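Here is how the chains run, residue by residue.
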Amino acid sequence: MTFRTPIFALIFQLLLFSGSAWLSASDEEPLFEVRFTRDGVAFAGSVDTEENALILAESVKAIRPDLKILNRGLKIDAGTSMPSLSDLKSLLAELGIATHEGRFSLYENSLIIGGMTDSRITLTALRIRLEPFLENRRLINRLCIVSNDDMPKLTVRLSSGETSGPLLDFDVAPTAAEAFEPPGLSLANLFPMILTLSDLSRLTGNPSNAGIGSASPPLQAVPLTQIRNIGGRKTLPAPGVLRAIPAEPQPTLVPLPSIAYTRSSFLLQANQESSIDSVVKQLSTPPLSGHPIFIRPVISASQSGAFGDYLVEKRGEATKELLSSRGISTSLMTIETVEDQSNADSGEVRIIVKIPPPALKEEGTTEAPATLIVE
């Protein structure tokens, strides 16, 4: 009994110390906090300027446009020391997409991350994005890993990129009267419907000179003045000349090494530096330099939903930003999504360079093509 008593006392002290630390971190007012809830995305704490508050609100709205922006005590304080906005936006993007009811709370001496996820890759990706915030702070991890069946289905709707107005007050929501739409045909659409049914040529695309209520023009007989050689005799066609036209040259598509991202994320896989260096070197030197570049993120058959579209869009933008940071002009880049029949998410982003065909020589500089006389 005397041997076990010190051990139990030590365990009790550790539990008491960790519990007090947990309570102190929970009771303390956060410097900055974002919570993804069922009602919306709640902001708390303080920011230094209204411009930065607007940037954070718009970035979160672009990630989860289906959720409202809620103000839970967010204040503007010029003396607030804000972290890097780019690091904060990347962290909120990963938290809002890969977790359910995610939470990010920044305190003076600690940092709390929470939510539900069904992927261990999400833990690694969040830990990497949390590195800039962990200086002299203790990380309190409240992320729960659950099975795929227990994970709620996130109905993510991609943003159109258009902003409806400033989100500084973070509580813009339509009223019940504004959101109500009476059943049946709207009165605003009644006149366009009558106008369309009055002239069916609007549906077929054929022009019509008849106005609303006007009668259709009567049918008229056309005299057969052009009939010749009655009796079955046919007039031989006039001799013509067919000139051989060379085929139009086609552009050349040059594939480069692909860039791979991790599964269900837009975080680069390990050992990608050699592929990136090879792609940048080929794009910077002739004969590929200065030609159009097509960035083609691959979407698998299992990623047919809105999350798959958002994921490949982010991978394409990340690849474009990666090449731009290495000196490649963004005016040459075009992002095109390609589909793959495989069910596995390979994270592949293909790089294609389009070399235009050589210009045709002017007529008269080469020998005239052979001609055929057809009788």
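First things first, this report covers the structure right here in the doc. Predicted model, so just to flag it, every value in this text is computed and none were measured.

Along the chain, the position of Thr122 falls in helix α4 (residues 120-130). There is a polar contact of 3.4 Å between the side chain of Thr122 and the side chain of Thr117. Beyond its immediate sequence surroundings of up to four residues, Thr122 is in contact with Ala98, Thr99 and Thr117.

Looking now at unusual backbone geometry. Here the amide bond leading from Pro286 into Pro287 is cis, since omega sits at 5°, within 30 degrees of zero. Position of Pro287 among the secondary structure elements: in the loop between α8 (273-284) and β10 (293-299). Phi is positive for Glu101, close to 55°, though the residue is something other than glycine. Inspection of the secondary structure assignment puts Glu101 in strand β5 (residues 100-106). Taking the relative accessible area as the measure of exposure, Glu101 reaches 37% and is therefore partly exposed. The phi dihedral of Ser264 falls on the positive side, at around 55°, and the residue is not glycine. Here Ser264 is to be found in the loop between β9 (252-260) and α8. The exposure class of Ser264 is partly exposed, given its relative accessible area of 29%.

What follows is about the environment of Thr330. Inspection of the secondary structure puts Thr330 in the loop between α9 (306-325) and β11 (333-335). Among the residues examined, Thr330 registers a relative accessible area of 40% and is labelled partly exposed. Separated by 38 residues in sequence, Thr330 and Pro292 have C-alpha atoms that sit 9.9 Å apart. When sequence neighbours within four positions are dropped, the list of residues in contact with Thr330 reads Lys320 and Ser324.

A word on empty space enclosed by the protein. This structure, assessed with the given rule, holds one cavity of 30 Å³ or more. Computed from the structure, the largest cavity encloses a volume of approximately 50 Å³. In terms of lining residues, the largest cavity is bounded by Glu94, Ile97, Ala98, Ser264, Ser265, Phe266, Phe307 and Leu311. Only α3 (85-98) and α9 provide two or more residues apiece to the lining of the largest cavity. Element by element, the count of residues in the lining of the largest cavity is highest for α3, at three residues.

Definitions and limits used
Throughout this document, residue positions are counted from 1 along each chain, in the order its sequence is written. Totals for whole chains, interfaces and linings use all residues, but because this is a predicted model, local features are given only for residues with pLDDT of at least 70 and pairs of side-chain atoms are given and counted only at 80 or more. The side-chain quantities take in all heavy atoms of the structure and omit both hydrogens and water. Only DSSP runs of H or I with at least four residues qualify as helices, and only runs of E with at least two residues qualify as strands; both kinds are numbered from the N terminus onward. Residues adjacent in sequence count toward polar contacts only when both atoms are side-chain atoms; beyond that, a polar contact is any pair of N or O atoms within 3.5 Å, and within protein one must be able to donate a hydrogen and the other to accept it. Contact criterion: two residues are considered in contact whenever any of their non-hydrogen atoms come within 4.5 Å of each other. Per-residue accessibility, obtained with a 1.4 Å probe over protein chains only, is compared with the maximum for each type, and a residue is labelled buried under 20%, exposed over 50%, and partly exposed between these values. Buriedness of a pocket was judged along seven lines, with at least five required to meet protein on both sides within 12 Å; pockets are open sets of points on a 1 Å grid over the protein atoms alone, cavities are sets where a 1.4 Å probe fits but cannot get out, and lining residues have an atom within 4 Å of a point. Grid points are joined across faces, edges and corners, and a volume is the space filled by probe spheres set on the points.

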